[in-house]
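Understanding the architecture of this molecule
In case you want the letters, here they are:
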Amino acid sequence: TSKWYVGNVPYGSGQKIRIFVCPGVTLKIPTNDAGNLQSNVEYYFAPGSSLVCETRLPLNGTAIYMAGNTTTTVPELEVNNNGIFYNVGTANIAGTISVENNNSIVVNDGVLNATNLYTKGSGRVQNNAELTLSNYTIINSNYNIWVNNGHYRTKYFAYTATSSSVINNCYLKVDTT
C-alpha cells in the first residue's frame, strides 16, 4: 500500500492492536516510518502477502507473524524489548538480525536468509526449518536461548557466553572453523 499512517493510536493500558494484512497485499514501510512502529501492536500477514521495508526495521515490543507463502524483504531486523518475529514464509534479511533483551524472540518455521545473526541479553532464537547466514552467528549472553531443530548454516559460529540454553537438535553446518 502507498498510504501508511504512523502515529499515536489511543488504546487502553495492556491492550493490543492487531493489524491483518490480506492475501495479495504488500505492506511497504517507508524509510522514515520504520523506526516508529508502536509497541503492543501485532501484525498478521496472510498467505500471499508481503512485508517490504527499505531500511533497518526495529521491532521494539512489536510482533510480526508471517504465515506460510509470505515474503519478507528487509535490510536489517532488530528484535528488542519483547518484540517478536515469527516466520513461516520466506524472509530475506540483507544484513544483520539482532535479537536483544527483554525476552525478544525470533522463531523460524520457514526459510530465513540473512548475513549475520547476533544475540545478547535475554534474546531467544529458535529455528525449526531452514536458516542460512552468509557470514556469522554470535551468541553473546549468559541468558540467551538459541535452539536449532532444523537446518542451520552459517559461515562462522561464535559462542562467547555461558548460557546453558544453546541447543542443537538437528543439522548445524559451520563453513569456517
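To start, this report covers the structure provided alongside it.

Procedures and definitions
Residues numbered from 1 in each chain as written. Predicted model: local features only at pLDDT ≥ 70, side-chain atom pairs only at ≥ 80, totals over all residues. Heavy atoms only, no water. Pairing = 2+ DSSP bridges. Helix = DSSP H or I, 4+ residues; strand = E, 2+ residues; numbered from the N terminus. Axes fitted to C-alpha atoms, helices over the stretch in contact; angles between N-to-C directions. 1 Å grid on protein atoms, 1.4 Å probe; cavity = no way out; pocket = protein on both sides within 12 Å on 5 of 7 lines; lining within 4 Å. Points joined across faces, edges and corners; volume = space filled by probe spheres on them. Nonpolar A, V, L, I, M, F, W, Y, C, P; charged D, E, K, R; others polar. Phe/Tyr/Trp six-rings, centres within 6.5 Å; stacked < 30°, edge-to-face > 60°. Buried < 20%, exposed > 50% of the residue type's maximum accessible area, 1.4 Å probe, protein only. Salt bridge = Lys/Arg side-chain N within 4 Å of Asp/Glu carboxyl O.

Regarding the sheet that holds strand β9 (residues 84-87)
Ordered by their spatial adjacency, eight strands build an open sheet running β1-β3-β6-β9-β12-β15-β18-β21, and the pairing between neighbours is parallel. Edge positions in the sheet fall to β1 (17-21) and β21 (166-168), since each of these pairs with one other strand and no more. Direction aside, neighbouring strands of the sheet carry axes that sit 5° apart on average. Examined bridge by bridge, β9 and strand β12 (residues 105-108) share four bridges and lie parallel to one another. What sits directly across from Ile 84, in β12, is Ile 105.

Here we look at empty space enclosed by the protein
Counted by the stated rule, this structure contains one cavity of 30 Å³ or more. Approximately 30 Å³ is the volume attributed to the largest cavity. Lining the largest cavity are Ile 97, Val 106, Leu 112, Leu 117, Val 125, Leu 131 and Leu 133. Taken together, the residues that form the lining of the largest cavity break down as seven nonpolar, no polar and no charged.

Some details on the packing of aromatic side chains
As enumerated under the stated definition, the model contains five aromatic pairs in all. Ring geometry for Trp 146 versus Phe 157: centroids 5.3 Å apart, planes at 70°, classification edge-to-face. With Trp 146 in strand β18 (residues 145-148) and Phe 157 in strand β20 (residues 156-159), the pair connects residues that are eleven residues apart, well separated along the chain. Taking relative accessible area as the criterion, Phe 157 reaches 26% and is therefore assigned partly exposed. Members of the aromatic cluster, each reached through a chain of ring pairs, are Phe 20, Tyr 44, Tyr 65 and Tyr 86.

Things to note about the pattern of salt bridges
Applying the stated criterion across every chain yields a total of six salt bridges. Between Glu 78 and Arg 56 there is a salt bridge whose closest N-O contact spans 3.0 Å. Here Arg 56 lies in the loop between β4 (50-53) and β5 (57-60) and Glu 78 lies in strand β8 (residues 77-80), a separation of 22 residues in the sequence. We classify Glu 78 as partly exposed; its relative accessible area is 22%. Arg 56 gets classed as partly exposed once you look at its relative accessible area, which sits at 38%. In this structure, Glu 100 engages Lys 120 in a salt bridge whose closest nitrogen and oxygen atoms are separated by 3.8 Å. One end of the pair, Glu 100, is in strand β11 (residues 96-100); the other, Lys 120, is in strand β14 (residues 116-120), and 20 residues separate them in sequence. Overall, the relative accessible area of 30% leaves Lys 120 in the partly exposed class. It is possible to trace a salt-bridge network through shared partners that takes in Lys 16, Arg 18 and Glu 42.

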